[in-house]
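Residue-level structure breakdown
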Amino acid sequence: EPKDERDAKFRQIITDTISAGGAVIMPAFSLERTQVILYELNNLIEENKIPSVLVYLDSPLGEKVTEIYKRETKDFNSEVQTEIKGGDDIFNFPKLHITNGSLDSKKIIETPNPKIIIAGSGMSSGGRVLHHEINFLPDPKSTLLLMGYQAIGTLGRQLQDKPSQVQINGQTVDVRAKIEMISGYSSHKDSEHLVEMVKGASANTYVAST
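Below you will find a few notes about this structure. Bear in mind that the values here come from a model prediction, so they are computed numbers and not experimental data.

**With respect to the environment of Asp 7**
As for its placement among the helices and strands, Asp 7 is situated in helix α1 (residues 3-20). Using a relative accessible area of 15% as the deciding quantity, one classes Asp 7 as buried. For Asp 7 and Ile 182, which are 175 residues apart along the polypeptide, the C-alpha to C-alpha distance reads 9.3 Å. Once you skip the residues sitting within four places of it in the chain, Asp 7 turns out to touch Glu 40 and Tyr 185.

Put into structure tokens, the structure is as follows:
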């Protein structure tokens, strides 16, 4: 999707799920995707475009990568650098909780809905998102939000096809939650962009050294 359409869809999915009293589960890659999601949520909450609810970053690697991003602000675009200079902590906002260990991760289920959970991995191929999917996929009020390309053979791809049941860690899990997909966050290029890339590469000549 174009960015405007992507952002509007992201906001609507979150708002609808919060209104229903459910949980939004976002499988997310630790590098780049997690930081983009935090940045988007920060803006939406600050601008009162979504209700302020508990948000959990349940990804140890995602947390570590985010700390690196915070140190390397010189590499951000000028618009974001202006936000930071104005005092905005772009990766932090009220009610954001970063889990420390697996026990804290499992306690998330005990907190009342509505809430948002960001957890690895991005294609549900492992990581902490699996136990959240076990707990929330059976809930018709909740939403699993897939944030980009899901490779064939992954659990994420199975869920993208909206099955009635899936197998997770040997358990049969009913899928009653809404399954939503936003492709605009994906870094994978479509056919037109791949052709553009090849055309650009063909304009350059590389000579291998001997």
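**Section: the pairing of strand β2 (residues 54-58)**
Counting buried positions along β2 yields four of five residues, so the element is predominantly enclosed. The pairing of β2 with strand β4 (residues 115-119) spans five bridges and is parallel. Residue Leu 54 lies in a different strand from β4, and its bridge partner there is Lys 115. Bridge count for β2 against strand β3 (residues 96-98) is three bridges, and the pairing is parallel. The residue bridging Val 55 from the neighbouring strand is Leu 96, located in β3.

**Considerations on the sheet that holds strand β8 (residues 178-181)**
Ordered by their spatial adjacency, six strands build an open sheet running β3-β2-β4-β1-β5-β8, and the pairing between neighbours is parallel. Each having just a single partner strand, β3 and β8 make up the two edges of the open sheet. Geometrically, the sheet is characterised by an average inter-axis angle of 20° between neighbouring strands, direction not taken into account. Of the strands in this sheet, β1 (23-27), β4, β5 (143-146) and β8 touch α1, which is tilted by about 140° from β1. Contacting β1, β2, β4 and β5, helix α6 (residues 129-136) crosses the sheet at an angle of about 145° to β1.

How each quantity is defined
Residues numbered from 1 in each chain as written. Predicted model: local features only at pLDDT ≥ 70, side-chain atom pairs only at ≥ 80, totals over all residues. Heavy atoms only, no water. Helix = DSSP H or I, 4+ residues; strand = E, 2+ residues; numbered from the N terminus. Buried < 20%, exposed > 50% of the residue type's maximum accessible area, 1.4 Å probe, protein only. Contact = heavy atoms within 4.5 Å. Pairing = 2+ DSSP bridges. Axes fitted to C-alpha atoms, helices over the stretch in contact; angles between N-to-C directions.

Read these as spatial facts, not as claims about activity.
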